[in-house]
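One letter stands for each residue in the lines below.
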Amino acid sequence: MSAPNRSSTNPPPFLLTGIPDLEVLHVWISIPFCIAYTTALLGNLLVLLAVGLDRSLHEPMFCFIAMLAVIDLLFSTAIVPKMLGVFWLDSREIGFEACFIQMFFIHTFTAVESGVLLAMSLDRYVAICHPLRYSTVVTGPRAVQAGLLSLARGVGAMIPLMCLLTSLPYCNSRVIPHSYCDHMAVVGLACADTAPSHRYSLSVATLLVGTDSAFITFSYCMILRAVLRLPFHKARLKALGTCGSHIFVILIFYVGGLLSMYLQMFTLGLAPHVQVLVADLYLTVPPMLNPLIYGIKVKQIQEGICKLLGQLAGPRSSHAA
């Protein structure tokens, strides 16, 4: 066994395998991931431009949607380009520091998105259950504060975890059987006691994601209770329609995350490439679906995007004429 590299000033890089046992199919596997990434970039940019340029969308609910778009852009960009480099160019090497920076972004953006989804559920709760107080309770500055608080909470929770992980000696194999620097896969390469990092990561996941999901569930239970008390059928449909897109995004985020984490912790006899593919899909599909969901389900966003596309096409049409 080689000596631990804890004292090394330039630790050797890690090597990503991509999809284990399916290396010969990497080029074909990359096609849907490339499409998903391109769709995520274009969709989230359109949402951001629509919200930013249309004054009628400068409301707290649309601010939260814009925050999700920013998170999805940064989240997918931190993962997919390197993943495609592995698939297309066999660029498997990733630096020691770069690996943990990527891991930091994955965990941080996951925690931030969980916080923003919680803020969105509270926004819908106040709007439906206490509509007369909405304009005074939920304001633009408070929405921005909620986003900054989610960011500070995510960064503050992940810095200690990264300190714990980077202090471990990695003297075993440098090969990560994954398409990105997966937490569990990297920790499995350490040749020291990883119990402290496991306890901390489990505590953080339980505290942040567990608490957020509990409050989100409570908020939507109260919303459903209030909606069922509405006297008019049309009013019920309108209230449920405003929450439908949020609930869909929340289910994709939490159910997909739990499934990916469960398969990573308990293999259940699944082939390694199945576990890696599930994890890759969880990190690439939601950033693609979120702008599509809001563009289809939220009428104001849909109108804002159509108006933006019309403005972009207008100058070209007039120039051609």
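The residue count restarts for each chain, going from 1 along the sequence in the order it is written. pLDDT decides what is reported in this predicted model: residues at 70 or higher carry local features, side-chain atom pairs at 80 or more are listed and counted, and totals for whole chains, interfaces and linings draw on all residues regardless. To get the side-chain values, all heavy atoms of the structure are used, and hydrogens and water are removed first.

- Looking up the chain in an unreviewed UniProt entry gives the name Olfactory receptor, with the organism given as Pardalotus punctatus.
- UniProt positions are given in the numbering used here, feature names are shortened, and annotations may be inferred rather than shown by experiment. Its UniProt record gives the chain the following Function (unreviewed entry) comment, quoted word for word: "Odorant receptor."
- UniProt annotates the chain under Sequence similarities (unreviewed entry) with the comment "Belongs to the G-protein coupled receptor 1 family."

### Structural notes on the overall build of the chain
Here is step 1: Each helix and strand counted, the chain has 10 helices and three strands in total.
Here is step 2: What you see in the chain, going N to C, is helices and strands ordered as β-α-α-β-α-α-α-β-α-α-α-α-α.
Here is step 3: Only protein chains enter the accessibility calculation, which uses a 1.4 Å probe. A residue is then buried if its area is under 20% of the maximum for its type, exposed if over 50%, and partly exposed in between. Counting only residues that meet the buried cut, the chain has 45% of its 321 residues in that class.
Here is step 4: Contact definition: two residues touch when any of their heavy atoms are within 4.5 Å. Sequence-distant contacts, at least 24 apart, represent 78% of the contacts inside the chain between residues at least 6 apart.
Here is step 5: Total accessible area computed for the chain in this model is approximately 16400 Å², and 71% of it derives from carbon and sulfur atoms. Secondary structure elements follow DSSP: runs of H or I of four or more residues count as helices, runs of E of two or more count as strands, with numbering from the N terminus. Each accessible area value is a Shrake-Rupley result obtained with a 1.4 Å probe; residue values ignore everything except the protein chains displayed when judging cover.

### A short note on the packing of aromatic side chains
Here is step 1: In this scheme Phe, Tyr and Trp rings, the latter by its six-membered ring, pair at centre separations within 6.5 Å, and the angle between planes marks the pair as stacked below 30 degrees, edge-to-face above 60, and tilted otherwise. Using the criterion set out here, one finds 10 aromatic pairs in the structure.
Here is step 2: Ring geometry for Phe 105 versus Phe 109: centroids 5.6 Å apart, planes at 10 degrees, classification stacked. Residue Phe 105 and its partner Phe 109 are located together in helix α3 (residues 96-129), separated by four residues, close to a single helical turn.
Here is step 3: In textbook terms, an aromatic cluster arises when at least three aromatic residues are bridged by ring pairs, as seen for Phe 14, Phe 96, Phe 100 and Tyr 170.
Here is step 4: Charges are assigned to positions over rings by a cutoff of 6 Å between ring centre and Lys NZ or Arg CZ, combined with an angular limit of 35 degrees from the ring normal. Directly above the aromatic system of Phe 14 lies the positively charged group of Arg 174, at a separation of 4.6 Å from the ring centroid.

### Concerning the layout of surface pockets
Here is step 1: Within this model, the largest pocket holds a volume of roughly 1000 Å³.
Here is step 2: If you trace the largest pocket, you find 35 residues lining it, with His 107, Thr 110, Ala 205, Gly 257 and Met 261 closest to the centre.
Here is step 3: The set of elements that each furnish at least two residues to the lining of the largest pocket consists of α3, α5 (140-166), α6 (183-187), α7 (195-228), α8 (233-265) and α9 (272-297).
Here is step 4: Here the lining of the largest pocket takes 11 residues from α7, the largest share from any one element.
Here is step 5: In the lining of the largest pocket, the residues fall into 22 nonpolar, 11 polar and two charged. Only protein atoms enter the 1 Å grid used here. Points where a 1.4 Å probe fits but cannot escape make up a cavity, open sets with protein on both sides within 12 Å along at least five of seven lines make up a pocket, and a residue lines them when an atom lies within 4 Å of a point. Grid points are joined across faces, edges and corners, and a volume is the space filled by probe spheres set on the points. The classification used treats Ala, Val, Leu, Ile, Met, Phe, Trp, Tyr, Cys and Pro as nonpolar, Asp, Glu, Lys and Arg as charged, and all other residues, Gly among them, as polar.

### A few points about the sheet that holds strand β2 (residues 93-94)
Here is step 1: Judged by pairing direction, the sheet is mixed, and its three strands sit side by side in the order β2-β1-β3 without closing on themselves. Edge positions in the sheet fall to β2 and β3 (175-176), since each has one partner strand and no second.
Here is step 2: Pairs of strands are assigned from DSSP output, requiring at least two bridges between the strands. Bridge count for strand β1 (residues 14-16) against β3 is two bridges, and the pairing is parallel. The partner of Leu 15 across the bridge, within β3, is Val 175.

### Concerning unusual backbone geometry
Here is step 1: We note that Asp 21 has phi near 70 degrees; this positive angle belongs to a residue other than glycine.
Here is step 2: As for its placement among the helices and strands, Asp 21 is situated in the loop between β1 and α1 (26-53).
Here is step 3: A positive phi angle is found at Asp 90, which is not glycine, with a value near 55 degrees.
Here is step 4: Overall, Asp 90 belongs to the exposed group, its relative accessible area being 55%.

### Looking at the side chain of Asp 182
Here is step 1: Here Asp 182 lies in the loop between β3 and α6.
Here is step 2: When charges are counted, Lys and Arg contribute as positive and Asp and Glu as negative, whereas His and the chain ends are disregarded. In the sections that follow, a salt bridge refers to a side-chain nitrogen of Lys or Arg positioned within 4 Å of a carboxyl oxygen of Asp or Glu. For the buried Asp 182, no salt bridge exists, and the shortest N-O distance to an oppositely charged side chain is 16 Å, to Arg 92.
Here is step 3: Among the polar contacts made by the side chain of Asp 182, one reaches the main-chain amide nitrogen of Ala 185 at a distance of 3.1 Å. N or O atoms within 3.5 Å of each other form a polar contact, as long as, within protein, one can give a hydrogen and the other can take it, and as long as residues adjacent in sequence are counted only when both atoms are side-chain atoms.

### As for the nonpolar core
Here is step 1: Phe 14, Leu 117, Leu 165, Tyr 170, Ile 176 and Val 186 are the most contacted members of the largest nonpolar core, which totals 81 residues.
Here is step 2: Here this core gets 17 residues from one element, more than from any other, and that element is helix α2 (residues 60-89). By convention a nonpolar core is built from buried Ala, Val, Leu, Ile, Met, Phe, Trp, Tyr and Cys residues, the set being connected through side-chain atoms within 4.5 Å.

### Some remarks on a nonpolar patch on the surface
Here is step 1: Exposure above 30% relative accessible area and the lack of any salt bridge qualify a residue for a patch; like charges then connect within 9 Å, and the nonpolar side chains Val, Leu, Ile, Met, Phe, Trp and Tyr within 5 Å. Taken together, Val 24, Leu 25, Val 27, Trp 28, Ile 31 and Ile 35 make up a surface patch of nonpolar side chains, about 650 Å² in accessible area.
Here is step 2: By the secondary structure assignment, Ile 31 is in helix α1.
Here is step 3: Classification of Ile 31 by relative accessible area gives partly exposed; the value is 41%.

### Quick word on the pattern of salt bridges
Here is step 1: For the coordinates displayed, the defined rule picks out two salt bridges.
Here is step 2: Notably, a salt bridge pairs Arg 124 with Asp 123, separated by 2.8 Å at the nearest N-O pair. Of the two residues, Arg 124 and Asp 123, neither departs from the other in class, the shared state being buried.
Here is step 3: Close ionic contact of Asp 212 with Arg 153 constitutes a salt bridge, the shortest N to O distance being 2.7 Å. Of this pair, Asp 212 sits in helix α7 while Arg 153 sits in helix α5, and the two are 59 residues apart along the sequence.
Here is step 4: Here Asp 212 falls in the buried class, since its relative accessible area comes to 2%.
Here is step 5: A relative accessible area of 26% means that Arg 153 is categorised as partly exposed.

### Re the UniProt feature "transmembrane region" (unreviewed entry) in the chain
Here is step 1: Feature annotation in UniProt assigns "transmembrane region" (unreviewed entry) to the following positions: residues 25-49, 61-80, 100-122, 143-168, 204-227 and 239-256.
Here is step 2: Across residues 25-49, the secondary structure splits into 96% helix and 0% strand, with the terminal C-alpha atoms separated by 37 Å.
Here is step 3: With 100% helix and 0% strand, the stretch residues 61-80 has end C-alpha atoms that lie 28 Å from each other.

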